[in-house]
Each structure stands twice: as structure tokens, then as C-alpha cells.
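Notes for the structure review
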Amino acid sequence: MNTPTLMIKAIAGIPLIQPNDDLAQIIVTACLAMNEPLQTGDVLVISSKIISKSENRFVDLREVTPSDEAVTLAGETRKDPRIVELVLAESQKISRKSGGVLVTQHNLGFISANAGIDQSNVGDENKVLLLPQNPDASAQTLRARLADLTGATMGIV
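Rules used throughout
- Residues numbered from 1 in each chain as written.
- Predicted model: local features only at pLDDT ≥ 70, side-chain atom pairs only at ≥ 80, totals over all residues.
- Heavy atoms only, no water.
- Pairing = 2+ DSSP bridges.
- Helix = DSSP H or I, 4+ residues; strand = E, 2+ residues; numbered from the N terminus.
- Axes fitted to C-alpha atoms, helices over the stretch in contact; angles between N-to-C directions.
- Buried < 20%, exposed > 50% of the residue type's maximum accessible area, 1.4 Å probe, protein only.
- Contact = heavy atoms within 4.5 Å.

Another aspect to go through is the sheet that holds strand 4 (residues 101–106). With antiparallel pairing, three strands are arranged side by side in an open sheet as 3-4-5. On the outer flanks of this sheet lie strand 3 (91–98) and strand 5 (111–113), each paired with one strand and no other. Between one strand axis and the next, the sheet turns by 25° as a mean value, whatever way the strands run. Sheet topology places strand 3 next to strand 4; six bridges connect them, and they run antiparallel.

The subject of this paragraph is the side chain of N114. Within the element layout of this structure, N114 appears in the loop between strand 5 and strand 6 (127–129). When its relative accessible area of 14% is taken as the criterion, N114 is described as buried. The residues touching N114, leaving out its near neighbours within four places in the chain, are K79, V87, G100, V101, L102 and T104.

Nothing here speaks to function; it is geometry throughout.
Quick look at the structure:
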């Protein structure tokens, strides 16, 4: 009798993801290099950041014109008005505001700081990274591409 097993492993060798990278191919290659081929029943946990990078969800702040509302909120929170403009565009509503942060209900429905907009490790101080536009579709696309490459059916979180 096979006893179900839970193993959690980080995938080594994933490079910095660039726009339009074939994320599935990168994952398969990295898993094979670890001698851990993907199999039916595997579940991959993928960060939204690498999905956003591969989907080119970068925004150049030099191209953002803040609205009057964004300028006012930026003054209240001591945030860059261009980022506040993006937060407003990515949010259904603002739940709370304080120095340096806006707690929002994202357009996808969840609550997060600054609408999940990421400024860290994007490679350019003038750029920010938005969350994936449709995470479910992104996961389905990745799952299908992984199945094409491996013949395995797996879950994506």
C-alpha cells in the first residue's frame, strides 16, 4: 500500500523573470536540473510577483499623471502621488490610510496594502509592478503549458 506523502521543496535555479518569459519552461528546466521531474498530482505554489513579471505588469511612473484625488491622498499619506494614482486604479475602495500606506480592497476583491503594488526588486526606481490582472487565468494558462511540456496534471496555487 502506498502511503500518501507530503514533501515541500523549493525549486532552485529560477532566474530573475523577465516580461514574456516562458515560465513553464523555466520551471520544468529547473526541476529537471534538480532531478525532480514534475508529476501528476504535484502542486506548485507560484508567487504572484513572477507571474506579474512574466505578464509584463510593470508600470513606468514617469508615464503616470496623478489625479487631484491622488495628490490629496499622497499629501495625507506621504506617498508618491503617482503610486497613489495606481493604487486608486487597482482598488475598489480604500479601507484605511496612514503614513506611508493605503489599505485597500483590491479590484480582485481582497484586502491588501497599497493594492499589492510592488516597488522592490523591479530593477528600476521609476517602475512598479502590479498584481496579475487575472490570477485564475494565469494559473490555468501555466497549468496547461506545464501539462503540454510534461504530460503531468498538477495544481497551481
